[in-house]
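Each chain is listed here by its residues.
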Amino acid sequence: MTDALKSSETSPVSGAPAPVLKAPEGGDASEARSLASDAWRELRRRPLFWISLGIIALFVLMAVVPQLFTRLDPTAASLSRGSDPPEFTWDGAWFGYDLQGYDIYARTIYGARASILVGVFATILTSLIGVVIGTISAYYGGWLDSLMMRVTDIFFAIPFLLGGILFMTTFANDENSGYFLIVGKVVLVLAILGWPSIARLMRGSVLQVKPNEYVQAARALGASPWRVIRSHILPNAMAPVLIVSMINLGAYISAEASLSFLGIGLTPPAISWGVAISDSLTYIETAPHMLIFPSIFLSLTVLGFIMLGDVVRDAFDPKTR
Amino acid sequence: MGTYILRRLLLMVPVIIGATFLIYAMVFAMPGDPLAGRCGERPCPPAFAAKFREQHHLNDPLPVQYAKYMGQLAQGDLGETFQGVKVSEELSKRYPITIRLAVIAILVELVIGVFAGVLAGIRKGKFVDNLVLVSTLIVIAIPTFVIGVLARKIFGLDLGWFRPTVSPAAPWSELILPGIVLGAISLAYVARLTRTNLVENLRADYVRTAVAKGLGRPRTIGVHTLRNSLIPVVTFVGADFGGLLGGAIITERIFNIRGVGGYIFQSIHSRDGVAVVGAVTVLVIVFLIMNLIVDLLYGVLDPRISHD
Amino acid sequence: MRGTTRTVAVAAVSAAALLAAGCGGGDSSPSSSGGSTAAGKTGGAITVHGCTPQNPFIPANTNETCGGDVLDAIVSKLVHYNPDTAAPEMDIAESITSTDNQTFTVKLNKGYMFTDGTEVKAKNFVDAWNWNRNGVNGTLNSYFFDVIEGAGDMDCGVFDKDQGTGENDPKAGDPDCKGKPPKATTLSGLKVVDDYTFTVKTTEKVSNLPVRLGYTAFAPLPDSFFADNGKAFGDAPVGAGPYKLEKYTKGTDMVLTKNADYKGKFAGKVDKITFKIYQDTDAAYTDVQADNLDLLAAVPASALAGEKYKTDLPDRNLVQAIGTFASISFPSSKADKSYDNPKLRQAISTAIDRKTIVDKILAGTRVPATGWVSPVVDGYKEGACGDFCTYDKAKAKALFDEAGGYTGKMTIGYNADGDHKAWTEAACNSIKDALGVECIATPYPDFATFRTKITAEEMKGMFRTGWQMDYPSIENFLAPLYGTGAGSNDSRYSNPAFDKLLTEAAAATDGAAANAKYQEAEALLANDMPVIPMWYGKAVAGWSTKVENVKVTPFGTFDLTSVTVK
């Protein structure tokens, strides 16, 4: 949501000079690897890990091959059955029909694709930009750091929704926009406005890892900056970003719904939960089933990613063991 | 300390200029003639259009418009909207309302969020902990506009506990429900953040020392652990305050609050660039100052950090 | 025009608002007055749903409901529209007469006073109309005065060449009021005869001129207005109406109090009317339920669904047919040639199941259109569209095949800041189902973007259009929309036969003959189908427990003079 997104944008760690998650202290690359295997061993024993992974796998599968879940056509409307409530017979519409008379079950299944695409790509893009900027900024320091951080501040200071509305109004879809262009724009707007928090987080994290002896030793031995970053800094500084990104993934999916609520998110022919939710909000009292099912799917997906972020975080933090 | 603050204030200048220019350019680039929506389904009379454009400097190219605007801004003049209202006048009426709303949201976040977080943290793995974790997850996962519309319906209308919409004066009491809605997601984050840090700190050496010294559990948690655990929370909340001011567009709309968010939204739709940039400039400044305050507070809370 | 624009202004503020304002139409039986007791007592204060006026309160610059509703209570005009039937009745005018439909003699009633203490005289009209039409003043409603002789001489000269290369620089043909001021400062067609009489000469015959004179832009202006070109007036308007503007707190409310000196026939009953400004109609609706707001003229979509408003506001709601018309327009051939075949356009019209859409999507708050003219106006004739407005899948498909089919996908554009998504999508689905062609409802983020594309003839595919009457006349539903070169002719429709019938109708000396000509013109539209009629509007209004005798006019606004406090 609007407000949500903003908040999630500035989420747990955003402004924090010190990341919530402490990077592991000491250790070199091989130690980092053993940390990963430790974490894996730990993770395997956590039921929550498997549950969240299961949820995510299910929705990703839904996004990739929705045909596995339903044989119905999500674009087949029959207005005469519009808003009809669920019917619990063997071959009835278990989720009911929406305002246009689309089968809500089929719509919800097919809606996974847009939401997952938005979530995954927005996360990848924000993390990529954020990690690159944050790492370079922290590693080199000096004027480069100042410059990059000011640019980060500029983007960080623009309220998310406002920036989103402006962007989507300026680069509006028209009658020729195809599916991937429509989804791509939402991804882009989330990335443009979302990367600063990741950059700050990454910078803080790298600054913490940088003074460690193994990093200093590597630099003293003449390793190239790229090598130091790749094999010593990144493995030890990435954890907070990974976890926050996983949580943000959920927030981005939710943010897409907010943009849709304001009339500027995904547009047809894309089918999305966000659009379904905001469309049915008007009928919250007269036909609640139209709102409930996409909401549940959306919330479950967000839940899956946040829960996964949670357990992975626990597993990677040596102190919680 | 003084030089630190001065340095930070100077650093704000390029950020403010950059952010306003970015917004200005985006507003400028928005498709759609501001005049197109003004005369309904027919074009405006040419004489009206010409007068309108001249009055609002719409004939100038972007850099000139922006320079004119910044020149005015430097003299403290935020300009006039298309409706002939002074932006500063409008903002001075709307900001207090939005600030009240944000303050309530922050209080809700802090009080309920920290309480829930502490409860969960000291009972890690127990029922309360799981309850907090699950409920915060659910809050994060449900879109704000759904929460807002439901809250207005249930608590405002059906139960009658709160006024369903806020009156023009927007007194504190009427902003409680919108404040809770606005703060809900952040509340969930605060609770989780508090819990996480508390759990971590409870295992720290100094806590074990304190316990070994024979200090009681409440005192250990209250004095030693909580203080340290709250540092990230304060940072988060501080950054959030700036964000809440501008991010309340949906909440303000649902509860008919005459705040800044709704103003910006309307102004974007009417292509009123001056109003948008004016409101955002103030927003950016508030945001940056909040961040500065947070950093200063940080030093107070954590003696290891010094700004000298 | 006004109506439409009004719709628009509301839409810009809140999505839900548009629904009620932008469509509607309906059971024209004036079951309207919702109040119980006959007259009700006088005095007391009421609150009315309002929105932020887009312009200062100058009649010639007010073309949207937010300012218009307020202004209408403040000013009196020559003609007053009957709140039940919209029929014009004499107000300030004692009589408006003409022998040839080209020269009109207006006689005024004596004793109407402006709230600044001066009397309303003939020159107040003539001066006002001259000012309104003067190009130098660049008013929004200047085109209403185009019919008066001499209007052309009041336009500013135009630039000979582009002034600079910038996108926003004045182009050749744009007005240049500084360099080339208008030739005349008065309309030659207006003559003051004596203090209470003036004459109006029009450029050509205009049989319905008296009906038009009830529009806000024709209001008289006091002498004080011209002292500073309306600057002070814009904030503190001075009218001769039943109410006066006491206080306007921008962004919050507008407070009107009774005009103690009002001498006219249409005095109000309550002492104080407060227009409360809302951003969101849902919020206003909630306030009506909680008795925090008294009058809401447009119940939001959420309450229309399942006729929820009937249980929320039992005996406190009414449905009133209003003069609005919703349609789907085809692009001009310059923008998109693919819809040029009239057969194809008729096929699409026949493929839309208006009734089911109205019932399922719009909660029955519209009346499926059978033509292009609203039933609330004099001259309405049912069935102008013939079979093409009756859903018939087989016939639609046959017409479609006859027209040679359609390659590619069809689109219906709409502005996303109004409540148009659901019905445009349903219309598309109906077309898709009947014709077997892909159809997608395509949103444009807001009205400004949407209109810019249409006006620039860059809109490809079909798009939604709407119209709200300026004055209650069949002419207002035809001439401004389908006349060659008319201001709101979005499809750039041009048919000499149609234009000719309009001219003949305007010249007709008796009303019935004029109407017959207009109906003939309307019938031509069925052959060419430049625009698909969708439905006529209905206003669904609701009110609090504190008021009674509530009435909604065919314009979709409250009749503020009849409402009383319990």
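For every chain, the first residue of the written sequence is number 1, and numbering continues from 1 along that sequence. Labels are handed out in written order, letters beginning with A for the chains and numbers beginning with 1 for the ligands. Only residues with pLDDT of 70 or above have their local features reported here, since the model is predicted, and side-chain atom pairs are shown and tallied only from 80 upward, although totals for entire chains, interfaces and linings are computed over all residues. Note: side-chain values were computed over all heavy atoms of the structure, leaving out hydrogens and water.

A. Highlighting the overall build of chain C. Only DSSP runs of H or I with at least four residues qualify as helices, and only runs of E with at least two residues qualify as strands; both kinds are numbered from the N terminus onward. Looking only at helices and strands, chain C features 18 helices and 19 strands. Overall, the C-alpha framework of chain C stretches about 70 × 60 × 50 Å when taken along its three principal axes. Burial status across chain C gives 64% buried among its 566 residues. Within chain C, contacts between residues separated by at least 24 positions form 72% of all contacts whose residues are at least 6 apart in sequence. The Shrake-Rupley method, run with a 1.4 Å probe sphere, supplies the accessible areas, and residue values consider only the shown protein chains as cover. Accessible surface computed for chain C: about 18600 Å², of which carbon and sulfur atoms make up 52%. Just so you know, the count uses Lys and Arg for positive and Asp and Glu for negative, and it drops His and the chain ends. In plain terms, the charge of a residue is placed at NZ if it is Lys, CZ if Arg, CG if Asp and CD if Glu. Side-chain charges of chain C comprise 57 positive and 69 negative groups, with the mean position of each set lying 1 Å from the other. Summary of the burial criterion: residues with accessible area below 20% of their type's maximum are buried, those above 50% are exposed, and those between are partly exposed, where the area comes from a 1.4 Å probe applied to protein chains only. Contact criterion: two residues are considered in contact whenever any of their non-hydrogen atoms come within 4.5 Å of each other.

B. Broad picture of the overall build of chain A. Each helix and strand counted, chain A has eleven helices and zero strands in total. Tracing chain A from N to C terminus, the helices and strands come up as α-α-α-α-α-α-α-α-α-α-α. In chain A, buried positions account for 63% of the 321 residues. Across chain A, contacts joining residues at least 24 apart in sequence account for 74% of those joining residues at least 6 apart. Total accessible area on chain A is roughly 11900 Å²; 67% of this is exposed by carbon and sulfur atoms.

C. Structural context of the interface of chain C and chain B. Each partner contributes to the interface: chain C provides 57 residues, whereas chain B provides 45 residues. By convention, the term buried area covers the 1.4 Å-probe accessible surface removed from two parts as they join, with the contributions of both added. With both sides pooled, the region where chain C packs onto chain B buries about 4300 Å², and carbon together with sulfur makes up 50% of that total. Only one rule defines a salt bridge in this text: a Lys or Arg side-chain nitrogen within 4 Å of an Asp or Glu carboxyl oxygen. Here chain C is connected to chain B by zero salt bridges. Nitrogen and oxygen atoms within 3.5 Å of one another constitute a polar contact, given that in protein one can donate a hydrogen and the other can accept it, and given that sequence-neighbouring residues count only through two side-chain atoms. The tally of links from chain C across to chain B stands at one residue pair in polar contact (both at pLDDT 80 or more). Taken together, the elements giving at least two residues each to the side of chain C that touches chain B come down to α1 (2-13), α8 (281-289), α15 (447-455) and β16 (462-468) of chain C. The leading source of residues in the side of chain C that touches chain B is α15(C), at six residues.

D. Focus on the sheet that holds strand β7 (residues 197-201) of chain C. All names here are of chain C. Note: two strands are recorded as paired if DSSP finds a minimum of 2 bridges between them. Taken in spatial order, the four strands make up an open sheet running β4-β5-β7-β6, and their pairing is antiparallel. Looking along the sheet, the strands with just one partner apiece sit at the ends: β4 (93-98) and β6 (190-194). Taking the axes of each pair of neighbouring strands and ignoring which way they run, one obtains an average angle of 20 degrees across the sheet. Where β4 meets strand β5 (residues 103-108), five bridges bridge the pair, whose relative direction is antiparallel. Between N-to-C directions, angles cover 0 to 180 degrees, with each direction set by a line fitted to C-alpha atoms, over the stretch in contact for helices.

E. Focus on the state of the cysteines. Residue and element names in this part refer to chain C. Disulfides are defined as pairs of cysteine sulfur atoms found within 2.5 Å of each other. One pass over the structure, following the stated rule, counts four disulfides over all chains. One disulfide bridge connects C51 with C66, the sulfur atoms lying 2.0 Å from each other. Torsion about the S-S bond of the C51 and C66 cystine: about -100 degrees, corresponding to left-handed handedness. With C51 in the loop between β1 (45-50) and α3 (65-74) and C66 in helix α3, the pair connects residues that are 15 residues apart, well separated along the chain. The same class applies to C51 as to C66, namely buried.

F. Representation of the pattern of salt bridges within the structure. Tallied over the full model, the rule gives 29 salt bridges over all chains. The partner of R94(B) in a salt bridge is E90(B), with the nearest N and O atoms 2.8 Å apart. With R94(B) and E90(B) both in helix α4 (residues 87-122) and four residues apart, the pair spans about one turn of that helix. For the pair R94(B) and E90(B), a shared accessibility class is recorded, and that class is buried. Ionic contacts of the salt-bridge type, sharing partners, join the residues R150(A), D153(A) and R200(A) into one network.

G. Just the side chain of T170(A), in detail. Within the secondary structure, T170(A) is located in helix α6 (residues 160-170). Exposure remark for T170(A): the relative accessible area of 13% places this residue in the buried category. Among the polar contacts made by the side chain of T170(A), one reaches the main-chain carbonyl oxygen of L166(A) at a distance of 2.7 Å. Once residues within four sequence positions are removed from consideration, T170(A) is found in contact with M26(B), A29(B), M30(B) and P31(B).

H. Fine view of the nonpolar core. Only buried residues count toward a nonpolar core. Its members are Ala, Val, Leu, Ile, Met, Phe, Trp, Tyr and Cys residues joined through side-chain atoms within 4.5 Å. Of all hydrophobic cores here, the largest spans 266 residues; its most connected members are W129(C), I348(C) and M410(C). The element contributing the most residues to this core is helix α11 (residues 289-316) of chain A, with 14 residues. Sequence-distant contacts of W129(C), defined by excluding residues within four places in its chain, comprise L78(C), F145(C), I148(C), L187(C), L190(C), F198(C), V200(C), L213(C), F218(C) and A219(C). Core analysis: the second largest hydrophobic core is formed by 31 residues, Y243(C), M254(C), I277(C) and V563(C) among them.

I. The arrangement of the pairing of β1(C) in detail. Residue and element names in this part refer to chain C. Within β1, five of the six residues are buried, which leaves it mostly tucked inside the rest of the structure. As paired strands, β1 and strand β10 (residues 272-277) are joined by six bridges and run parallel to one another. Directly across from G50, in β10, lies its bridge partner I277.

J. Summary view of the pairing of strand β14 (residues 410-415) of chain C. All names here are of chain C. Counting buried residues along β14, six of its six residues qualify, which places the element largely inside the surrounding structure. Across the two faces of β14 the burial is the same, with M410, I412 and Y414 and T411, G413 and N415 all buried. Where β14 lies against strand β15 (residues 439-444), six bridges are found, and the strand directions are parallel. Within β15, the position partnered with T411 by the bridge is I440. Handedness of the β-α-β unit built from β14, helix α14 (residues 421-435) and β15 comes out right-handed. Examined bridge by bridge, β14 and β16 share two bridges and lie parallel to one another. Counterpart to G413 in the pairing with β16 is F463. Place the viewer so that the strands point away; then a crossover is right-handed whenever the path from the first strand over the helix to the second strand goes clockwise.

K. Representation of the packing of aromatic side chains within the structure. To pair, rings of Phe, Tyr and Trp, with the six-membered ring standing in for Trp, must have centres within 6.5 Å; the planes then decide the type, stacked if under 30 degrees apart, edge-to-face if over 60, and tilted in the middle. According to the stated counting rule, one finds 41 aromatic pairs over all chains in the structure shown. With a centroid separation of 5.5 Å and an interplanar angle of 75 degrees, the aromatic rings of Y24(B) and Y66(B) are classed as edge-to-face. Here the residue Y24(B) occupies a position in helix α1 (residues 2-29), and Y66(B) occupies one in helix α3 (residues 62-74), the gap between them amounting to 42 residues. Note on Y24(B): relative accessible area 8%, which makes it buried. By relative accessible area, Y66(B) is classed as buried at 9%. Here the aromatic residues F125(C), W129(C), Y143(C), F144(C), F145(C), F198(C), Y215(C) and F218(C) are joined through ring pairs into a cluster of three or more. By definition here, charges over rings are those cases where NZ of Lys or CZ of Arg is within 6 Å of the ring centre and within 35 degrees of the ring normal. Over the aromatic face of Y139(A) sits the side chain of R219(A), whose NZ or CZ is 4.7 Å from the ring centroid.

L. Focus on the interface of chain B and chain A. Taken together, the contact between chain B and chain A spans 60 residues of the former and 55 residues of the latter. Buried area between chain B and chain A, summed over both chains or domains, comes out near 4900 Å², and the portion from carbon and sulfur atoms is 75%. A per-residue breakdown of the area chain B buries against chain A is headed by F145(B), Y189(B) and E200(B), which together make up 13% of the total. Summed over the shared surface of chain B and chain A, the number is zero salt bridges.

M. Quick peek at unusual backbone geometry. Residues and elements named next belong to chain C. Phi angles above zero are rare outside glycine, and D291 is one such case at about 65 degrees. On the secondary structure map, D291 appears in the loop between α8 and β11 (295-296). Even without glycine at this site, N549 takes up a positive phi of about 60 degrees. N549 sits in the buried class, given a relative accessible area of 9%.

N. Examining helix α5 (residues 127-141) of chain B more closely. Between its terminal C-alpha atoms α5(B) stretches 21 Å, which fits the 21 Å expected from 15 residues at 1.5 Å a residue. For α5(B), the set of buried residues is D129(B), V132(B), L133(B), T136(B), L137(B), I140(B) and A141(B). The buried residues of α5(B) occupy an angular sector of 155 degrees when the element is viewed end-on, so they sit on one face. Of the surrounding elements, those touching the buried residues of α5(B) are α9 (225-261) and α11 of chain A together with α4 and α7 (176-202) of chain B. Given a helix with a known number of residues, its expected span is that number minus one, times 1.5 Å. To be clear, the arc concerns the directions from the helix axis to the C-beta atoms.

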